[in-house]
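# Summary of structural features
One-letter residues, chain by chain:
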Amino acid sequence: MELYMSLAIGVIFTVGVYLILSKSLLRIILGTSLLTHGVHLLLLTMSRLKTGAAPLLGQKADAYVDPLPQALILTSIVISFGVTSFFFVLAYKAYQRLGTDDMERLRGKDDE
């Protein structure tokens with residue numbers, strides 16, 4: 001199962017990097033969102049995909065699932081949602097002010 005998850009993570013990272021390298025600001029934002037989802041899957045895979053009981057004190061189980069990676073991923077999901085929504089607001093305001101989302105035109109003529 002870890003092999004399939006590793007391949008899926010590789011595909012998600014590849015698509016995310018491809019989107020980040022494009023010229024459209026919206027595609028860059030979606031690429032960063034895909035990269036964060038790839039990191040979430042990577043954390044889950046690196047903590048080993050285990051089956052077992054929930055880590056509750058009242059249960060008498062032989063195997064428990066480690067809750068730390070799940071807590072870290074949940075925190076990261078909330079943070080990435082906030083950052084992505086902030087990026088969308090910035091992109092919308094930039095589009096309203098400049099009329100484009102092309103990164104070459106957003107850069108301006110100062111760099112030359």
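An unreviewed UniProt entry annotates the chain as Na(+)/H(+) antiporter subunit C of Paenibacillus arenilitoris. The heading Subcellular location (unreviewed entry) in the UniProt record of the chain holds the text "Cell membrane".

### Some thoughts on the environment of Ala8
Summarising the element assignment, Ala8 is placed in helix α1 (residues 2–20). By relative accessible area, Ala8 is classed as partly exposed at 32%. Sequence separation between Ala8 and Leu42 is 34 residues, and the spatial gap between their C-alpha atoms is 9.6 Å.

### What to know about the packing of helix α2 (residues 25–46) against helix α3 (residues 68–98)
For any two helices packed against each other, the geometry comes down to the angle between their axes and how far apart the axes lie. It is the contact of α2 with α3, at a shortest axis distance of 10 Å, that shows an interaxial angle of 180°. The angle between the axes of α2 and α3 places the two elements in the roughly antiparallel class. Counted together, Leu25, Leu26, Ile29, Leu30, Thr32, Ser33, Thr36, His40, Leu43 and Leu44 of α2 and Pro69, Ile73, Ser76, Ile77, Ser80, Thr84, Phe87, Phe88 and Ala91 of α3 form the full contact between these two elements. For the contact of α2 with α3, the per-class residue count stands at 12 nonpolar, 7 polar and no charged.

### Brief notes about a nonpolar patch on the surface
Together, Met1, Leu3, Tyr4, Leu7 and Leu49 line one region of the surface with nonpolar side chains, adding up to about 590 Å² of accessible area. Tracing the backbone through its elements, the reader meets Tyr4 in helix α1.

### Description of the environment of Ser76
Considering the arrangement of structural elements, one finds Ser76 in helix α3. For Ser76, a relative accessible area of 24% corresponds to the partly exposed category. Separated by 40 residues in sequence, Ser76 and Thr36 have C-alpha atoms that sit 8.2 Å apart.

What counts, and where the lines are drawn
- Residues numbered from 1 in each chain as written.
- Predicted model: local features only at pLDDT ≥ 70, side-chain atom pairs only at ≥ 80, totals over all residues.
- Heavy atoms only, no water.
- UniProt positions renumbered as here; feature names shortened; annotations may be inferred.
- Helix = DSSP H or I, 4+ residues; strand = E, 2+ residues; numbered from the N terminus.
- Buried < 20%, exposed > 50% of the residue type's maximum accessible area, 1.4 Å probe, protein only.
- Axes fitted to C-alpha atoms, helices over the stretch in contact; angles between N-to-C directions.
- Parallel < 35°, antiparallel > 145°, perpendicular 65-115°, else oblique.
- Contact = heavy atoms within 4.5 Å.
- Nonpolar A, V, L, I, M, F, W, Y, C, P; charged D, E, K, R; others polar.
- Patch = residues over 30% accessible without salt bridge, like charges linked within 9 Å, V, L, I, M, F, W, Y side chains within 5 Å.
- Areas by Shrake-Rupley, 256 points an atom, 1.4 Å probe, with all protein chains shown as cover.
- Salt bridge = Lys/Arg side-chain N within 4 Å of Asp/Glu carboxyl O.

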